[in-house]
Amino acid sequence: MSERSGDAEALGGGRSPGPVLAVEGLTMHYSTRAGVVRAVDGVSFSVGKGQALGLVGESGCGKSSLALTLLKLLPENAQILSGRILLDGMDIVPLPEERMREYRWSRIAMVFQAAMNSLNPVYRVGEQIIEALEVHVESAREESLRRVRELYDLVNLDPSLIMRYPHEYSGGMKQRAVIAMALACEPDVVIADEPTTALDVIVQDHILREMKNVRAELGMSMIYVSHDMAVIAEVSDMVGVMYAGRLVELGSTVDVFRDPIHPYTRALTSAFPSVTGEKHELTVLPGEPPNMIDPPSGCRFHPRCPYATDPCRSETPPIVRRGGHWAACWNPTGEGA
Amino acid sequence: MQTDGSRPLLRVDGLSKRFPVSPVWYRRSNSFVHAVDGVSFEVARGESFGLVGESGCGKTTTGKLLVRLMDPTCGRIVFDDGDEGPVDVSTLKGKPLKRFRRKAQMIFQDPYESMNPRRTVFDTIVEPLKVQRMGSHLDRLDRVLRMLGLVGLTPARTFLFRYPHELSGGQRQRVAIARAMVIEPSFVVADEPISMLDVSVRAGVMRLMEDLAARLEIGYLYITHDLAAARHTCSRIAVMYLGKIVEIGETETVLQSPKHPYTQALLSAVPVPDPTVTRPPVRIRGGVSPSLDPPARCRFYDRCPIADDFCRDNEHPPLQDKSSGQMASCYRV
């Protein structure tokens, strides 16, 4: 895995002297009654200051588990087996929970999918944001309220909504409030897990634009987690494609979309119908995502891959580099193939 | 609007559904949510007709009315699959309604919620046959097996006695499709059939639905918020906004040159899977206005970027032919 992390650093940290967040060989397993689920397996990447990384993949590929691992917000049956999570050069993996709390929210925060009830229905939304604030910043109530008003302004919410309950908010408003909450302590890195998945397209457009503006304004780094290639294409500078717990392709968004190396990335980009341009035949990827308790040997994508050959079935694929991106594949597709 | 000389499979005329809203439960209400408000369109035999719009625009309610899972407040739904002449579905009762159910089926959005977790795949798919008293027990088994093969759950025998929790999302949706198709209906309402599925599985389910439509000559009402998916499956689409159809026409024409400002906004908000493209800002104001007792003027007035005083002072504009069969309800285009 060390060679892979070297790649990620060379590609990801290009813009600034040191990456804000660097992940090296991160492996996280869940133990369940049915067996060990290898949710995140040797993932390495880094995000520079002000950069946005998009993580794409299907449900169950480990992208949300990876996001939760970065905040160490894991359930009891989860265990980080190896790897490092460097926040401004400091490894947060060995930190005990009490120390972790200082970092969580103030340095690295998360925007959850609002539809998944991340707001408590029996507390006013403003109070929930104030609570998040007061854990980290000691301030008078007046001061906190002023800050909440600033945050509402930032995400385009009417300040009169501050003392309302979540059920009085529409879906888009809830999502904005959740974003405001994540920004409360001005973190260096914000992780957004499917931030617009449950929203209508017009609301999605507003929220994505606002998040982009906020990122530019505050110079934050962002990690977007989504299954939607189109959303990722619009909001991120870099993209990482995950399949069965592993990062299979990583690099600049433009390069990955223009000339995908990994057959899975290629399939994802052409499985999406588009409203503009030529109407293309959609690729049907046979089969289903693998069971993570007993993932396929060799390249985990080989049972569904149209280009699979013998080495794919037995051996871990090598890193193929091209332009501003790399992929782990025995039979790379596209221009150089 | 008729696509060929023959009679359409389904003709919907001025269909409306209002839900009463009362401040206190024991008092008669005089407020109504106009969920579907005077909607008219036609679906031809074997055609895929798309109904698109944002959540809350009334598209699912329209679908449920068409298969009579709900009773319309007013309007007509004339169904004619050539077997026994045209029938007005909106007022059917008893035996004729049950006969209609043999011909019209619905596929629901969420394959995790639309199935009884205690019933096996066989129980789920065979139920419509039992309700309609079709075939002997052996015939039914035979049909279920054939259907499983058709929806790509092979080998069929290994799936018969599985429970929903043993299936993936894509497999469940295939079971849901099999259940809708097993009585060989001529009309199917598909309510967001792929939105809960994984990207790589979506294309497969879309293709399966197309294949079955061609093979069994099924007319679809395809309900979706995803314009790109509608483009791939539907020959014609209608765009709904707050219970009204605001634009209707051939899918390609509507998507390439949208006439109504709402259709234009909706289209320009769709993310483009190409990082080199920067979309222009979406021209729309505010959020969806409430559908509780809406004023008589254009439903889109509050959000419209081009509305003027005429739009404010007049009734909701009627659907007008804007260019060779493409209809839009707007005074300003």
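Per chain, residues are indexed from 1 in the order of the written sequence. By the order in which they are written, chains take letters starting at A while ligands take numbers starting at 1. For this predicted model, a pLDDT threshold of at least 70 governs which residues receive local features, and a threshold of 80 or more governs which side-chain atom pairs are given and counted, while totals over whole chains, interfaces and linings are taken from all residues.

A word on the overall build of chain B
Counting its regular elements, chain B contains 11 helices and 12 strands. The C-alpha extent of chain B, read off along each of the three principal axes, is 70 × 55 × 50 Å. Within chain B, buried positions represent 48% of all 333 residues. For chain B, long-range pairs separated by at least 24 residues make up 64% of all intrachain contacts whose partners lie at least 6 apart in sequence. For helices the rule is a DSSP run of H or I covering at least 4 residues; for strands it is a run of E covering at least 2, with both sets numbered from the N terminus onward. Here a residue counts as buried when 20 or more other C-beta atoms sit within 10 Å of its C-beta, as exposed when there are 12 or fewer, and as partly exposed otherwise, the C-beta atoms being derived from the backbone. A pair of residues counts as a contact when their C-beta atoms, built from backbone coordinates, are within 7 Å of each other.

Topic: the overall build of chain A
Within chain A, the secondary structure is distributed over 11 helices and 12 strands. When we talk radius of gyration, it's over C-alpha atoms, and the globule rule is simply 2.2 Å times the number of residues to the 0.38. Taken against the 2.2 N^0.38 rule, which gives 20 Å for 337 residues, the C-alpha radius of gyration of chain A at 20 Å falls within 12% of a compact globule. Along the three orthogonal principal directions, the C-alpha set of chain A runs to about 65 × 50 × 45 Å. The proportion of buried residues among the 337 residues of chain A is 50%. In chain A, of all internal contacts separated by at least 6 residues, the share reaching a separation of at least 24 is 67%.

A few points about the sheet that holds strand S5 (residues 87-88) of chain B
Residues and elements named next belong to chain B. The strand order across the open sheet formed by four strands is S2-S1-S4-S5, and the pairing between neighbours is antiparallel. The open sheet has two edge strands, strand S2 (31-43) and S5, and neither has a second partner. Two strands pair under a simple rule: DSSP has to find at least two bridges between them. By the bridge criterion, nine bridges tie strand S1 (residues 10-21) to S2 in an arrangement that is antiparallel. Along S2, the bridge assignment pairs Leu15 with Val39.

Re the interface of chain A and chain B
Counting residues at the interface gives 34 residues for chain A and 34 residues for chain B. Secondary-structure elements contributing two or more residues to the side of chain A that touches chain B are helix H7 (201-218), helix H8 (229-235), helix H9 (253-258) and helix H10 (263-271) of chain A. Top element by residues in the side of chain A that touches chain B is H8 of chain A. It accounts for five residues. Residues that form the side of chain A that touches chain B fall into these classes: 18 nonpolar, 10 polar and six charged. In this classification, the charged set is Asp, Glu, Lys and Arg, the nonpolar set is Ala, Val, Leu, Ile, Met, Phe, Trp, Tyr, Cys and Pro, and all remaining amino acids, among them Gly, are polar.

Some points on helix H3 (residues 121-131) of chain B
Those residues of H3 of chain B that fall on the buried side of the exposure criterion are Val121, Thr124, Ile125, Val126 and Leu129 of chain B. Downstream of H3 of chain B by a residue or two, Arg133 of chain B has a phi angle that is positive, lying close to 50°.

Observations concerning the nonpolar core
Soluble globular proteins: nonpolar side chains tend toward being buried together. In terms of nonpolar packing, the biggest core is built from 191 residues, with Ile129, Ala180 and Ile223 of chain A together with Val239 of chain B touching the most fellow members. Considering each element in turn, this core owes the most residues, nine residues, to helix H7 (residues 199-216) of chain B. With sequence-adjacent residues up to four places away left out, Ile223 of chain A is seen in contact with Val47, Leu53, Leu55, Ala67, Val189 and Ile191 of chain A. The nonpolar core is taken to be a set of buried Ala, Val, Leu, Ile, Met, Phe, Trp, Tyr and Cys residues joined by way of C-beta atoms within 7 Å.

Points about the confidence of the model for chain A
Each residue gets a pLDDT score, which is the predictor's confidence in that residue and runs from 0 to 100. Mean pLDDT over chain A stands at 87; residues scoring 70 or higher make up 93%. Under a pLDDT of 50 for its full length, residues 1-16 of chain A has, in the predicted model, 35 contacts with residues more than four places off or in other chains.

Examining unusual backbone geometry
All names here are of chain B. The residue after Thr154, namely Pro155, is reached through a cis peptide bond having omega -10°. One non-glycine residue, Arg68, lies in positive phi territory at about 60°. When you line up the elements, Arg68 lands in the loop between helix H1 (59-66) and strand S4 (74-79). A positive phi angle, near 45°, is found at Glu192, a position not held by glycine. Inspection of the secondary structure puts Glu192 in the loop between strand S7 (187-191) and H7.

Some details on the environment of Ser90 of chain B
All names here are of chain B. Inspection of the secondary structure assignment puts Ser90 in the loop between S5 and helix H2 (94-101). Residue class for Ser90 comes out buried when judged on the 20 C-beta atoms lying within 10 Å of it. Ser90 sits 12 residues away from Val78 along the chain, and the two C-alpha atoms are 7.9 Å apart. Apart from the residues lying within four places of it in its own chain, the contact partners of Ser90 are Pro72, Gly75, Arg76 and Ile77.

Quick look at helix H10 (residues 261-268) of chain B
Among the residues of H10 of chain B, those classed as buried are Pro261, Tyr262, Thr263, Ala265 and Leu266 of chain B. Residues of H10 of chain B that are buried sit in contact with H7 of chain A together with helix H8 (227-233), strand S9 (236-241), strand S10 (244-250) and helix H9 (251-256) of chain B.

As for the packing of helix H4 (residues 125-136) of chain A against helix H6 (residues 171-183) of chain A
All names here are of chain A. For helices, the axis comes from a line fit to the C-alpha atoms of the stretch in contact; other axes are also lines fit to C-alpha atoms, and the angle between any two N-to-C directions lies between 0 and 180 degrees. In contact at an axis separation of 9 Å, H4 and H6 are set at 20° when each is read in the N-to-C sense. As the angle between them shows, H4 and H6 are arranged roughly parallel. As H4 runs across H6, the sense of the crossing is right-handed. Only Ala177, Ala180 and Met181 of H6 make contact with H4, whose side of the interface consists of Val125, Gln128, Ile129 and Ala132. Residue classes in the contact of H4 with H6 are distributed as six nonpolar, one polar and no charged. Working rule for angles: under 35 degrees goes down as roughly parallel, over 145 as roughly antiparallel, 65 to 115 as roughly perpendicular, anything else as oblique. A crossing counts as left-handed when the near helix is turned anticlockwise from the far one by less than a right angle, and as right-handed when that turn is clockwise.

A look at the sheet that holds strand S3 (residues 48-52) of chain B
Residue and element names in this part refer to chain B. Here we have eight strands laid out as an open sheet, ordered S6-S7-S8-S3-S9-S10-S12-S11, and mixed in their pairing. Among the strands making up the open sheet, the edge pair consists of strand S6 (104-107) and strand S11 (320-323). Averaged over all adjacent pairs, the angle separating strand axes in this sheet is 20°, with direction ignored. As paired elements, S7 and strand S8 (residues 219-224) share five bridges and run parallel to each other. Looking at the pairing, Val188 lines up with Tyr220 of S8. Contacting S6 and S7, helix H6 (residues 169-181) runs over the sheet at an angle of about 170° to S6.

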